[in-house]
Structure formats: structure tokens, C-alpha cells
Amino acid sequence: MPGPAPRLAALTWALLIAFAPATPARASPVGTADGPGDVALAIGLTAAAATGTGLWLRSRYRRSDAKADAADHGGDP
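Residues numbered from 1 in each chain as written. Predicted model: local features only at pLDDT ≥ 70, side-chain atom pairs only at ≥ 80, totals over all residues. Heavy atoms only, no water.

The next subject is the overall build of the protein. What the protein contains, in helices and strands, is two helices and zero strands. Carbon and sulfur atoms make up 67% of the accessible area of the protein, which totals about 7200 Å². (Helix = DSSP H or I, 4+ residues; strand = E, 2+ residues; numbered from the N terminus. Areas by Shrake-Rupley, 256 points an atom, 1.4 Å probe, with all protein chains shown as cover.)

Listed below in C-alpha cells is the structure:
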């Protein structure tokens, strides 16, 4: 961002952080998602999302490595 925009953004964040009212943290449940079934569902969905992301990243990097290996025939020139 050219110009004064980065400075203005930094000043805005600094003022927001400095003058935001500090409230004590609460440890009470919010909403209705506090039963054991809801917790198990959340854990299962998180594990499935993590597994899917890991497999996607693995296939993506394997494809990049396969292209690099196909171009490089190895050996000394």
C-alpha cells in the first residue's frame, strides 16, 4: 500500500487496542452446544477436516515432486 495507508492502519489498530474496554474472561458455556454428543460431533468433524486437509496437501506436494522428477532424469551431465 503506497502512501500513508499503512501508517493510518497501524494507528487505527493501536488506538483500538489501547482504548478498548478490558473485560474479564468468562468460562461459562454459551449456547446449547455443551452436551457430550455435541462435543463428540465437534471432535469428529475437526478430525475429518484435518485428515482431508492433510491428504489434499500430500497429493498436492506429490504432484509437484512428480513433475520435478519427470523433468530431471538424474545422473551426471
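Turning next to a nonpolar patch on the surface. Together, Leu-8, Leu-11, Leu-15 and Phe-19 make up a nonpolar patch on the protein surface, roughly 450 Å² of accessible area in all. Position of Leu-15 among the secondary structure elements: in helix α1 (residues 5–19). (Patch = residues over 30% accessible without salt bridge, like charges linked within 9 Å, V, L, I, M, F, W, Y side chains within 5 Å. Salt bridge = Lys/Arg side-chain N within 4 Å of Asp/Glu carboxyl O.)

A few words on the environment of Thr-46. Mapped onto the elements, Thr-46 comes out in helix α2 (residues 36–71). A relative accessible area of 53% places Thr-46 in the exposed class. From its side chain, Thr-46 meets the backbone oxygen of Ala-42 in a polar contact 2.7 Å long. (Buried < 20%, exposed > 50% of the residue type's maximum accessible area, 1.4 Å probe, protein only. Polar contact = N/O pair within 3.5 Å; in protein donor to acceptor, adjacent residues only side chain to side chain.)

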